[in-house]
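Coordinates in review
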Amino acid sequence: MKGKGKTMSILYGGDYNPEQWPQSSWQSDWDKLKLADVNSATINVFSWSLLEQTEDEFDFSQLDRIVRLLEKNNIKIVMATATGAIPFWMTKKYPDINRVDTNGHRQIGGKRENACPNSKSFQRLAAQLVEKIAKRYSNVKNITHWHISNEYNGYCYCDNCAREFRRWLKKEYDNDLEKINCAWNTNFWSHTYRQWDEIMPPMRLGDTFSNGKSVLSGLDLAYRRFQSDSLLNNFKMERDIIRKYDNRPITTNLMGSQKDLDYFKWAKEMDVVSWDNYPSFDTPASYTAMQHDLMRGLKGKPFMLMEQTPSQQNWQPFNSLKFPNQMRMLSYQAMAHGAETIQFFQLKQSRNGSEKFHSAMISHSDSTKTRVFKELKQLGEELYNLPDEIKLSKISSKVAIIFDWNSYWGLEDCMGPTTNLNYVNGIHDYYKAFYNKKISIDMISKETDFKKYKIVIAPNMYINSESLTQRIEDFVNEGGIFVTDYFSGISDKNDNVYLGGYPGLLKNVLGLKYDETDALPFETQHTLENDSQKIGNGSLVCDLIQPQTAQSLAHYGTEVFYSNYSALTRNHFGQGYAYYSGTRLNDKAMDYFLTDILKQAGLKADSSKNDVEVMVRQNDDTKFVFIINTDSEVKKIDNPYPGSLDLLSQKVISKQIVLQGYDVRILRIQKS
Amino acid sequence: MKGKGKTMSILYGGDYNPEQWPQSSWQSDWDKLKLADVNSATINVFSWSLLEQTEDEFDFSQLDRIVRLLEKNNIKIVMATATGAIPFWMTKKYPDINRVDTNGHRQIGGKRENACPNSKSFQRLAAQLVEKIAKRYSNVKNITHWHISNEYNGYCYCDNCAREFRRWLKKEYDNDLEKINCAWNTNFWSHTYRQWDEIMPPMRLGDTFSNGKSVLSGLDLAYRRFQSDSLLNNFKMERDIIRKYDNRPITTNLMGSQKDLDYFKWAKEMDVVSWDNYPSFDTPASYTAMQHDLMRGLKGKPFMLMEQTPSQQNWQPFNSLKFPNQMRMLSYQAMAHGAETIQFFQLKQSRNGSEKFHSAMISHSDSTKTRVFKELKQLGEELYNLPDEIKLSKISSKVAIIFDWNSYWGLEDCMGPTTNLNYVNGIHDYYKAFYNKKISIDMISKETDFKKYKIVIAPNMYINSESLTQRIEDFVNEGGIFVTDYFSGISDKNDNVYLGGYPGLLKNVLGLKYDETDALPFETQHTLENDSQKIGNGSLVCDLIQPQTAQSLAHYGTEVFYSNYSALTRNHFGQGYAYYSGTRLNDKAMDYFLTDILKQAGLKADSSKNDVEVMVRQNDDTKFVFIINTDSEVKKIDNPYPGSLDLLSQKVISKQIVLQGYDVRILRIQKS
Amino acid sequence: MKGKGKTMSILYGGDYNPEQWPQSSWQSDWDKLKLADVNSATINVFSWSLLEQTEDEFDFSQLDRIVRLLEKNNIKIVMATATGAIPFWMTKKYPDINRVDTNGHRQIGGKRENACPNSKSFQRLAAQLVEKIAKRYSNVKNITHWHISNEYNGYCYCDNCAREFRRWLKKEYDNDLEKINCAWNTNFWSHTYRQWDEIMPPMRLGDTFSNGKSVLSGLDLAYRRFQSDSLLNNFKMERDIIRKYDNRPITTNLMGSQKDLDYFKWAKEMDVVSWDNYPSFDTPASYTAMQHDLMRGLKGKPFMLMEQTPSQQNWQPFNSLKFPNQMRMLSYQAMAHGAETIQFFQLKQSRNGSEKFHSAMISHSDSTKTRVFKELKQLGEELYNLPDEIKLSKISSKVAIIFDWNSYWGLEDCMGPTTNLNYVNGIHDYYKAFYNKKISIDMISKETDFKKYKIVIAPNMYINSESLTQRIEDFVNEGGIFVTDYFSGISDKNDNVYLGGYPGLLKNVLGLKYDETDALPFETQHTLENDSQKIGNGSLVCDLIQPQTAQSLAHYGTEVFYSNYSALTRNHFGQGYAYYSGTRLNDKAMDYFLTDILKQAGLKADSSKNDVEVMVRQNDDTKFVFIINTDSEVKKIDNPYPGSLDLLSQKVISKQIVLQGYDVRILRIQKS
């Protein structure tokens, strides 16, 4: 049953590549898609070779026809700039466009997202193309967003990049080579630079070991920042051209917690964040939730779910089918965490090319009778009927987790003490613990104002600074609760270790110090105890904590020689508390730790162990409570709002909520 | 006891490299080898650097002496052309002869079988050498076969190959670049070609991912066909030169189910198929049997067992000794499946070089008293006494399995839904099931006339065509039984997926369709059920089959959400039946499936579970029944032909046959 | 309590890199280090970029200041030559200095120890630098040793090296290419050389397979010898320059049983052996002991422990903390095996660079109150008080194990029969067995005079010669006991297999032969039996031994077909015995084997199973008995010398010795 006279405000659709099909079939696609209430299409993502068939000869006729097709069908358009993949004529004519890999090999063209960001040829040709597209289509009313390039990723190590890197360094280091020598401790292993042109990218052929880690981690960090900036410059170049002609929002599709690009820096340049959500068959629901919250956190605003798949991916080792209702569940999970669109890759499944086994709205069967299409149809109808207010509602969290790409790089690229350090897993340990207690999280950068939060958590925050330390101290002093753990606060932004005992500048607010960190091989776990009670296990590393003003919440078990050292601490600092964990906590230990943290924060947790996700979006007068069964088992929970209306079933729900596998409720609660 | 006045018709011998030894030792080799009734030697395989010591300076004196040695000892000669390994002076003088790998690295000489097939230098120099050899030795009476190059394998990615590839493509695609753009769906990821020279081989540096799979699978398939053809052209060039001088059969030694070369295409150009059988310590007997049948199937004729090892290989991870009688068993297994020669690598074990630990007839001990030599001696005597009729006898099968290199490539090189697809294992699943029931199999190409068979099985037949579909439908319509399974019929020869529901054009004959294929991670298995009975397990992938006219023989168990879909079906089509399995069957499920298939085919199976292989070769009036114990345990079976003569022991065998470990009987049965 | 008026004779200190720190902090380092009785510093290891900032512009002012600092603090100096890492200006200006890897890639600078040893540029620039250093600092009294370069390792495959390799070969093979063709059996696979410049290094691009093994193992062995010699030439060049100015001992720090360099050849050129001991968290104590004995054995003299770490490494997968007292234990273990210095990497932990998480005497905490510093302080005080006689005492062994780099290379680089061959593990099997029986071992080269020993063991001695065979026979003939095992005696120095049955020339002394060696897959074990008793297990490979004059001590179990062959033998030869094991023995079988060997040798073993290491150093009148608990459990043993003085606790020890985890006693026994 469809609401009457209503306009659907949520973009529902996805990538559309009609250039892969005969024009005669185009309208029949839309006859099908409109059955599922699809209202948008992302086009022109990979069309450069069609738009510019040889240099400077442009042909927009097909794109014009595609735009007219969509206009005719009343479909909104996300217009891409087509610069995500480079035509072969171009890689052949301008070899400098092809990236050079860390082994020094110039690529020869093919694949995608592999233009050297510092290639002048690429910049010139991309700018020219985008100028023409922006000019030509800025008057198309149906366009809702501009979509620049596609899934920016990867680094280049060519000579062009090396030259630009040196320019970038001159700016960062005041044109003073000695500052670099000092910041990176280049006297180590006789690495002192005498001329700027001695600085090379960190390559396997050069200063990077076969494990991918570099002798000079300062160089490694700088090159990561530089390459992230270089690609961002590509984005900004295109954005600025479009902006000359059009004021509609400009985005590029991001990829969650990927490592290459510092998305917090990117998000400042984007009008709206969009991202592509591709969980594997064994990705925990909390991990996907965390990714959404990270994407929301980039701008602290709702985001576009630019891509997900109706059922299978094609590029993972095992591309399992989504269960019945799982795609719907994932769509509402995205919405619960801030998605304002539900878009897919792709509307019509390719017949050939490496993504041909990636599922799509219209599958190879070309049928609207498939299991998957039926689910898409149901979802489309539901989205059509959902009130616009949801899209405008906000998520309000008392707890924030700091995600910091510099710490990500520094932690994973350092040599020692263990090769098992994994930044995103370190973040997820805390995220999951709160998620399981149904406490919503904001993922924030180091620059975010902490004072909005009751609790700020900084797992594995390897890179620190004086100003950040001051802000943390101020936050705690004024009553905030700060939580951090092993390998936090170790180094400055050049990876110079803070001296005088770990964790460097954080010693003061944490009220502790330690001199040593043990590395636990493989899956070894050590027990954690307090008052002779085992409170859980630690793994990965163990800091040998010496509390100063802090109180010990747990120490290591007697099976290790450092059982007289603390593993968990709490420090009363000013009006607040600073917590520290010196090891990777298992679920039990994390629960113990969090119980204390939540108590001090005065936050209540829903400790029912029911594997049901609960998220609240709200505006001034209404709460939308998403209740999501993230797996295939039936779940029964007490309704936190008995008598409220479920917007999906349009039924009033009494005391108990029974959720079938992957089922969802969206309760509408009028604020009193 | 040796038969009197008889000439041994079976070639028994192998590779002989006297150039690695002082001439003074040559005759003593033959004094030993003749004790084992060795009657043939394969020579000149790797002698180019001796025959042509610098360009255009030829010296055949040593080869002349080797030929005279063999003539003097009355030894038959398989004469090789010496082009399988390139002299260093040549790789140095003509660098274009060295292959370029997928990372773009030009090799520098060394190893073997690595000439670029499209190098004009190589072609010219090889042609010149072969001309001289053919001319010089065509009058040698003892030559029985010509042996071109050695174990052709591998691809080259050099610029020469790229140029030839474009010529090859022009021919295949009517000189029309747009046909390629269309066939390969190059609008995907902006891969549209505008000029022929934009087409590059699928390389890691270019359009191939680090997992070895290419963005454009049409390009990947075409390059595989092209490289297979390029090497075949090398073979044909040498063959045609020899043919000018000599009419004796010409072969090259193949390597079973290797992936690189389309042997069905090759076999058409070969006078006789020969191959090298190197099972590992853990290769199932059925797998080796399948390889023999594939080699027999290439031409539908007996083949030469050109190489096997008396005991150990040297290049596998674990090169175990062969058990007592295992070498003899493997020799008769080869003969049972069509081998007309029993040849070894090699007659005398090298002292140095990477194969020095590969066993040989004359080992490092230089003794005829070794365990292995004694077994070779016994085998030689037995072969000497076997009647010639065996060599002329044929194998007659009611069941055929299609082996198709294009499907092999397409299946394993596609992206998704799982990385575990393995074409040869898929073939072996069916082969093994029939083998265990003692039903002999012909391995055939797609082009073979199906009507000779009662049952035709096409496992994992990924690549299909309209004409093939028609032939399958005709076959079934006229009473044949066709069996196929998951990932069959998906694409055309350019890997364009057939639309309208899987399995494309095969929907009609199979009477089913499916829209989805689940990928099962790791070792996951799902139960298969019929009438509430568990009939076995499926793994790898699960097609969600919707029978149309077909009857379901099994559906998935209730532990999966698709338990209402079929897993196994049978379709009555015309006079015959078409069967389909949507998943990889375990032994129990395969047995269930086959029981029905055999029943409909009216074929009887020997369901005794005794791990004894039974193969029948026959001519007009006689059957030779090979009864082979393929492992080390004693086996007792009922004699299918009580009172028949065992040609090996020359004893009449009564009701029961007791086989010691690896023992063999060859029963001679007079047809009535 | 510190001894009075005493000068500490043992160097206690380590690598010192003050150039990484502001000069203002230097003296405070020594204020700390002297608390721990540190008396030496190794300096100038990686300072080239500071000493020569552009070509030919030298600045020794900072090194002068460092020397003065150390003089002022009365610290002894190990002066390095700074050639272990190359300045960037140099790798840029002289690209030929950068090594080319086995894939043909020229490196671009960075890391360390990667100069091409045959680069004339490197040789010239290094010579010039060392000349200046030697000249300038030869008058510094505090220098005790010269330390050339650092941890020489790795090979280069550049054209320079190829040219020098050919010169090296001409010398080795009498300028006769035919000798090489013959020695390497180059007629194999048409590898015959016609011109010297056809000989290329064994590279992945050329004659080396992807598993790293080469077609011509003669080439492989020669290249290894050549590269080892090339780096040794670099060492000798620097040594000879220093010697012109200074007569104090010259060394370079070695790395135990590394594979690249033939240290027995190196040691002849070194005044004193020094090495760097970095056991992993799971390295057996016996393995470390073996490494020390190998380093002692290189010259048959005490050695310097040039580097160890106070606690953690940074470059292993898991860099665990050392347990309390473990560093002290490892220090005394080194001393027990012949160390005359106890030195560390490094005195002060780096703030940045890839080794920043490698522990040091002064840690990032900059404190002398840490657990680790306290242990260092205790150790320093103990070392200060130890009598000088220990340093001068010697180790006297009745048992020797031959370690042979040529066999190491030949064994691990051969193709077949199994990929699991591991030379050092093969050596350790025997070492461990004696170690556990508290029988000390000398690690010797093939050239050592065997007659000093009662037992000589040659595990996996793949490469043999006529002269060595004669010396072995003489040794046994005169009453010695020779023990060897599988894969020994197979080949000559060019890897030509000795013919006529394995183990070639050793057949005579061993009184056995065998024709076959089985390879056991994965972890398979076969039982070994004697007189129907199971005496243990064999694994890896099984030689099928046919005793001739030898007596069988065990045969294979009946689960294998070769149970009638021997696995273990003893041959009475002249006045002595030659033992052979045809398989890798497990502990039980090794114990059985050794019991017989020791009985015939008339050696007593301490068979108490207490995991306590016992080593004796002695001089004419005194024995120093080191009793070392190598793990963390308390151990109780009977005191072999009741009433003796423990030099560490200065207590007299009665009948029982109770050792806490990692505790050590050094008993001083006056010889009667």
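Each chain has its residues counted from 1, running along the sequence as written. Both sets of labels track the order of writing: A upward for chains, 1 upward for ligands. Totals for whole chains, interfaces and linings use all residues, but because this is a predicted model, local features are given only for residues with pLDDT of at least 70 and pairs of side-chain atoms are given and counted only at 80 or more. Hydrogens and water are ignored here; the side-chain numbers use all heavy atoms of the structure.

1. Looking at the UniProt feature "domain: Beta-galactosidase trimerisation" (unreviewed entry) in chain A
To be explicit about the condition: UniProt positions are given in the numbering used here, feature names are shortened, and annotations may be inferred rather than shown by experiment. In this description a helix means any DSSP run of H or I spanning at least four residues, a strand means any run of E spanning at least two, and both kinds are numbered starting from the N terminus.
Feature annotation in UniProt assigns "domain: Beta-galactosidase trimerisation" (unreviewed entry) to the following positions: residues 398-603 of chain A. Here residues 398-603 of chain A is 26% helix and 33% strand, with 8 Å between the C-alpha atoms at its ends.

2. With respect to the packing of aromatic side chains
Residues and elements named next belong to chain A. Stated precisely, the cut-off is as follows: When two rings of Phe, Tyr or Trp (its six-membered ring) have centres within 6.5 Å they constitute a pair, described as stacked for plane angles under 30 degrees, edge-to-face for angles over 60, and tilted for the intermediate range. We call a charge positioned above a ring when the Lys NZ or Arg CZ atom is no farther than 6 Å from the ring centre and deviates by at most 35 degrees from the ring normal.
Using the criterion set out here, one finds 120 aromatic pairs over all chains in the structure. Every member of this aromatic cluster is reached through a ring pair, and the members are Tyr 263, Phe 264, Phe 403, Trp 405, Tyr 408 and Tyr 423. If you follow Lys 132 out to its NZ or CZ, it ends over the ring of Phe 58, 4.9 Å from the centre.

3. Some points on the domain arrangement of chain A
Residues and elements named next belong to chain A. Short version of the rule: Note that domain bounds follow an automatic or database assignment of domains. Residue contacts are counted whenever heavy atoms from the two residues lie within 4.5 Å of one another. Each of two parts loses accessible area, computed with a 1.4 Å probe, when they are put together; buried area is these two losses added. For salt bridges, the criterion is a side-chain nitrogen of Lys or Arg within 4 Å of an Asp or Glu carboxyl oxygen.
Segmentation of chain A into domains returns domain 1 (11-85 + 125-155 + 231-388), domain 2 (159-222), domain 3 (399-601) and domain 4 (612-670). Relative placement of domain 1 and domain 3: their C-alpha centres are 38 Å apart. Listed per partner, the contact involves 25 residues of domain 1 and 20 residues of domain 3. Roughly 1700 Å² of surface becomes buried between domain 1 and domain 3 when both sides are summed, with 61% attributable to carbon and sulfur atoms. Counting the surface domain 1 buries against domain 3, the share from its top three residues, Lys 259, Phe 264 and Met 290, is 37%. At the boundary of domain 1 with domain 3, the tally comes to four salt bridges. Note that Glu 447 is salt-bridged to Lys 268, the shortest N-O span being 3.0 Å.

4. Comments concerning the pattern of salt bridges
Let me state the cut-off plainly: Three exposure classes are used, based on accessible area relative to the maximum for each residue type with a 1.4 Å probe and protein chains only: buried under 20%, partly exposed in between, and exposed over 50%.
Scanning all chains against the criterion turns up 117 salt bridges over all chains. A salt bridge links Lys 437 of chain C to Asp 591 of chain C; the shortest N-O distance between them is 2.7 Å. Of this pair, Lys 437 of chain C sits in the loop between α15 (423-436) and β13 (441-444) while Asp 591 of chain C sits in helix α18 (residues 587-601), placing them 154 residues apart in sequence. Given a relative accessible area of 31%, Asp 591 of chain C falls into the partly exposed group. Sharing partners across several salt bridges, the network here consists of Asp 220, Arg 224, Lys 259, Glu 412 and Asp 413 of chain A.

5. As for helix α18 (residues 587-601) of chain B
Residues and elements named next belong to chain B. As a reminder, the rule being used: Multiplying one less than the number of residues by 1.5 Å gives the expected span of a helix.
Here α18 contains 15 residues, and its C-alpha end-to-end distance of 20 Å stays within 8% of the 21 Å for a straight helix at 1.5 Å per residue. Those residues of α18 that sit buried are Ala 589, Met 590, Phe 593, Leu 594, Asp 596, Ile 597, Leu 598 and Ala 601. One or two positions beyond α18, positive phi appears at Gly 602, with a value near 65 degrees.

6. Here's the deal with the environment of Gln 470 of chain A
With respect to the secondary-structure elements, Gln 470 of chain A resides in helix α16 (residues 466-477). Expressed as a C-alpha distance, the spacing of Gln 470 of chain A and Glu 340 of chain A, which sit 130 residues apart in the sequence, is 36 Å.

7. With respect to the sheet that holds strand β11 (residues 339-344) of chain A
All names here are of chain A. Which entries qualify depends on this criterion: What makes two strands pair is DSSP finding at least two bridges between them. For helices, the fitted line uses only the C-alpha atoms of the stretch in contact; every axis is such a line through C-alpha atoms, and the angle between N-to-C directions lies from 0 to 180 degrees.
Read across the sheet, nine strands follow the order β7-β6-β5-β2-β1-β11-β10-β9-β8 without closing on themselves; strand pairing throughout is parallel. Sheet topology places β7 (250-251) and β8 (253-254) at the edges, where each strand pairs with a single neighbour. Alignment of strand β6 (residues 143-147) against β7, held across two bridges, turns out to be parallel. Of the residues in β7, the one forming a bridge with Trp 146 is Ile 250. Helix α11 (residues 326-336) rests against β10 (303-307) and β11 of the sheet, and its axis sits at about 150 degrees to β11.

8. What to know about the packing of helix α15 (residues 423-436) of chain A against helix α18 (residues 587-601) of chain A
Residue and element names in this part refer to chain A. Threshold: Angles below 35 degrees are treated as roughly parallel, those above 145 as roughly antiparallel, those between 65 and 115 as roughly perpendicular, and all remaining angles as oblique. Note: crossing handedness is left-handed where the near helix turns anticlockwise from the far helix by less than a right angle, and right-handed where it turns clockwise. Three residue categories are used. Nonpolar comprises Ala, Val, Leu, Ile, Met, Phe, Trp, Tyr, Cys and Pro, charged comprises Asp, Glu, Lys and Arg, and polar comprises the others, including Gly.
For the pair α15 and α18, the least separation of the axes is 10 Å and the interaxial angle reads 65 degrees. When the axis of α15 is compared with that of α18, the two are roughly perpendicular. For the element pair α15 and α18, the recorded crossing hand is right-handed. Packed against α15, whose contacting residues are Asp 429, Tyr 430, Lys 432, Ala 433 and Phe 434, the element α18 presents Asp 587, Met 590, Phe 593, Leu 594 and Leu 598 at the interface. Here the residues of the contact of α15 with α18 are counted per class, giving seven nonpolar, no polar and three charged.

9. Things to note about the UniProt feature "binding site: Zn(2+)" (unreviewed entry) in chain A
All names here are of chain A. Under the local residue numbering, the UniProt record ascribes the feature "binding site: Zn(2+)" (unreviewed entry) to Cys 116, Cys 156, Cys 158 and Cys 161. Spanning 46 residues, the annotated positions come together in the fold, the maximum distance between their C-alpha atoms being 7.9 Å. Here Cys 116 lies in the loop between α4 (88-93) and α5 (120-137). For Cys 116, a relative accessible area of 0% puts it in the buried group. Residues within four places of Cys 116 in sequence aside, it is in contact with Asp 96, Ile 97, Arg 99, Phe 122, Cys 156, Cys 158 and Cys 161. Structurally, the position occupied by Cys 158 is in the loop between β6 and α6 (159-172). Here Cys 158 is in contact with Val 100, Arg 106 and Cys 116, once residues within four sequence places are set aside.

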